Amino acid sequence: MLSVILLGINSIIGSGIFLLPGQAEALMGPASILVFIFDMLLIVSIALCYAEDATYFKSNGGPYLYAKEAFGDFIGYEVGFSVWAISIIAWATMANAFTTALSAIFPVLQQAIWKDLTILVLLGGLTLINVAGVTLTKVVNNIVTVAKLLPLVLFVVIGVFFINGAHFTPFVVTNANFANSFGSAAILIFYAFTGFEAIAIAAQEFHNPQRTIPMAIMVVLAVVAVLYIAIQVVSIGVLGGSLAGSTAPIQDGFEKILGPVGKTIVAVGTIISILGVATAQSFYLPRIGSSMADNGVMPKVVGYRNRHNVPAVAMVISFLIAYPLAISGTFQTLAAISVVSRFAQYIPTILAVLVFRRRKTQTGANFRVPFGPVLPVIAVIVSLWLLSKATGFQLIMGLGCLVIAVPFYFLTTHRQQA
């Protein structure tokens, strides 16, 4: 159970919380705390739906499996293709961010050849670790998760004694329409909460998944939400208005509290954090492709598992796509795609709850989203509202994978029929 919880925490806490508090402050002022609470409530509502969906299945797949069972092969394929594509992009994004953060300590990595080589070593190393066996991956994941949480917890525990109450007035600081600013900030901060679905995707790897996954998701999100809100409160209290112009707010805040030593601690924590997310992503992303192959909507070879029961072919495919993306893209561009695209899997997963209640019987824990259909319906409406606040570029790039998936689906089904 501890390994499952650490996997979830590691999948969520990454570069976002180290970089986004300042941008949220710039949009909303101290009221950015409300944005964190809003996103927390939305992600918890979505996660509750994931938790109930998980009680109907023992196998891997997560959102792909839920969409396929609820709405058929085509919607399932669209969601699965999107999940796998975005997971690979996210993996490439973390590799790119890792070398960028590391180059602040070793400037030689700013040179293209050394940066590309570092990315190759990182992604190639994680690929080999996964192919070697899940146990080693879990050990690395657990160690990295604990290590990266330390600077964040220290920042909150120490920083609370340096909070200046005057920094919270005026509470709302925005030069634009409040709803638009709130929506823009909510999309921005929402990125920091994504990733919990890794637990559901790798369900088959856990003991008694129908009971373990709902409990793990709730524990993970409770820990992350409390930590995020505390970090934002301390960041505002310590840095005040200067937080809005900070590109590395936690580093700047810790430097103000402890001097250069504090900044170094957070810099190392940032690198470890990004490495931790990359490690967690490498664990679950090949299992998305493998699950699709197991269900007959991708070539069977993609689902091949080696003697360690690892989907080795899907792992290698993920690496071959991620590496060129990582050396050619930027963190900002790849992250923008990821934000909107998440809803391509979230919305079908939420709606699947309403379908499964009528069609299927729970085989594990009898967990249900409270208040009947109310929370799923509200979660869908709020998700659509949030998408309406995205820019045209974010929508096109984020949901473009759904269009790209269409010809692949018909080619696959035609080959099967033939």
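Residues numbered from 1 in each chain as written. Predicted model: local features only at pLDDT ≥ 70, side-chain atom pairs only at ≥ 80, totals over all residues. Heavy atoms only, no water.

1. Concerning the overall build of the chain
From N to C terminus, the chain includes 18 helices and zero strands. Burial status across the chain gives 58% buried among its 418 residues. (Helix = DSSP H or I, 4+ residues; strand = E, 2+ residues; numbered from the N terminus. Buried < 20%, exposed > 50% of the residue type's maximum accessible area, 1.4 Å probe, protein only.)

2. Quick look at the packing of helix H5 (residues 63-71) against helix H6 (residues 73-103)
When two helices pack together, their arrangement is given by the angle between the helix axes and the distance between those axes. Where H5 meets H6, the axes come as close as 7 Å, and the angle between the chain directions of the two elements is 165 degrees. When the axes of H5 and H6 are compared, the pair comes out roughly antiparallel. Along this stretch, H5 crosses H6, giving a crossing that reads as right-handed. For the pair H5 and H6, contact is made by Pro-63, Tyr-64, Ala-67, Lys-68 and Phe-71 and by Asp-73, Ile-75, Gly-76, Tyr-77, Val-79, Gly-80 and Val-83, respectively. A class-by-class count of the residues in the contact of H5 with H6 yields eight nonpolar, two polar and two charged. (Axes fitted to C-alpha atoms, helices over the stretch in contact; angles between N-to-C directions. Parallel < 35°, antiparallel > 145°, perpendicular 65-115°, else oblique. Left-handed = near helix turned anticlockwise from the far one by under 90°. Contact = heavy atoms within 4.5 Å. Nonpolar A, V, L, I, M, F, W, Y, C, P; charged D, E, K, R; others polar.)

3. Notes on the side chain of Glu-25
Considering the arrangement of structural elements, one finds Glu-25 in helix H3 (residues 21-28). Buried charged residue Glu-25 carries no salt bridge. Nearest counter-charge: Lys-256, at 12 Å. Leave out the neighbours within four places in its chain, and Glu-25 touches Pro-30, Ser-32, Gln-232, Ile-236, Gly-240, Leu-243 and Ala-244. (Lys, Arg positive; Asp, Glu negative; His and termini not counted. Salt bridge = Lys/Arg side-chain N within 4 Å of Asp/Glu carboxyl O.)

4. What to know about the confidence of the model for the chain
Chain-level pLDDT for the chain is 81 on average; 86% of the residues reach the 70-or-more range. At the level of individual helices and strands, the chain shows its lowest average pLDDT in helix H10 (residues 198-201), which scores 61, and its highest in helix H17 (residues 374-388), which scores 92. (pLDDT = per-residue confidence, 0-100.)

5. Here's the deal with H6
For H6, which comprises 31 residues, the first-to-last C-alpha distance of 45 Å matches the rise-based estimate of 45 Å (1.5 Å per residue) to within 8%. Here H6 lies mainly inside the structure; 26 of its 31 residues are buried. (Expected span 1.5 Å × (residues − 1).)

6. Re the packing of aromatic side chains
Summed over the entire model, instances satisfying the criterion amount to 18 aromatic pairs. Here the aromatic rings of Phe-193 and Tyr-228 are separated by 5.0 Å at their centres, their planes lie at 70 degrees, and the arrangement is edge-to-face. Residue Phe-193 is found in helix H9 (residues 178-193), and its partner Tyr-228 is found in helix H11 (residues 209-239); the two are separated by 35 residues along the sequence. Here Phe-193 matches Tyr-228 in class, with each residue buried. Counting every residue linked through ring pairs, the aromatic cluster contains Tyr-50, Tyr-66, Phe-190, Phe-343 and Tyr-346. (Phe/Tyr/Trp six-rings, centres within 6.5 Å; stacked < 30°, edge-to-face > 60°.)

7. A few points about the environment of Gly-22
With respect to the helices and strands, the residue Gly-22 is situated in helix H3. Its relative accessible area of 0% is what places Gly-22 among the buried residues. Taking C-alpha positions, Gly-22 is 8.4 Å from Ser-242, a pair spaced 220 residues apart along the chain.

8. Description of helix H13 (residues 260-294)
An ideal rise of 1.5 Å per residue puts 51 Å on 35 residues; H13 measures up with 52 Å between its terminal C-alpha atoms. The largest bend along H13 measures about 30 degrees and falls at Ser-282, with the proline Pro-286 one to four residues further on. (Bend = angle between axes of the 7 residues up to and from the residue.)

9. Re the packing of H5 against helix H16 (residues 343-359)
For the pair H5 and H16, the least separation of the axes is 8 Å and the interaxial angle reads 50 degrees. In this view, H5 runs oblique relative to H16, as classed from their interaxial angle. As for how H5 packs across H16, the hand of that crossing is left-handed. Packed against H5, whose contacting residues are Pro-63, Tyr-66, Ala-67, Glu-69, Ala-70 and Phe-71, the element H16 presents Gln-345, Pro-348, Thr-349, Leu-351, Ala-352, Val-355, Phe-356 and Arg-359 at the interface. A per-class count over the contact of H5 with H16 returns ten nonpolar, two polar and two charged.

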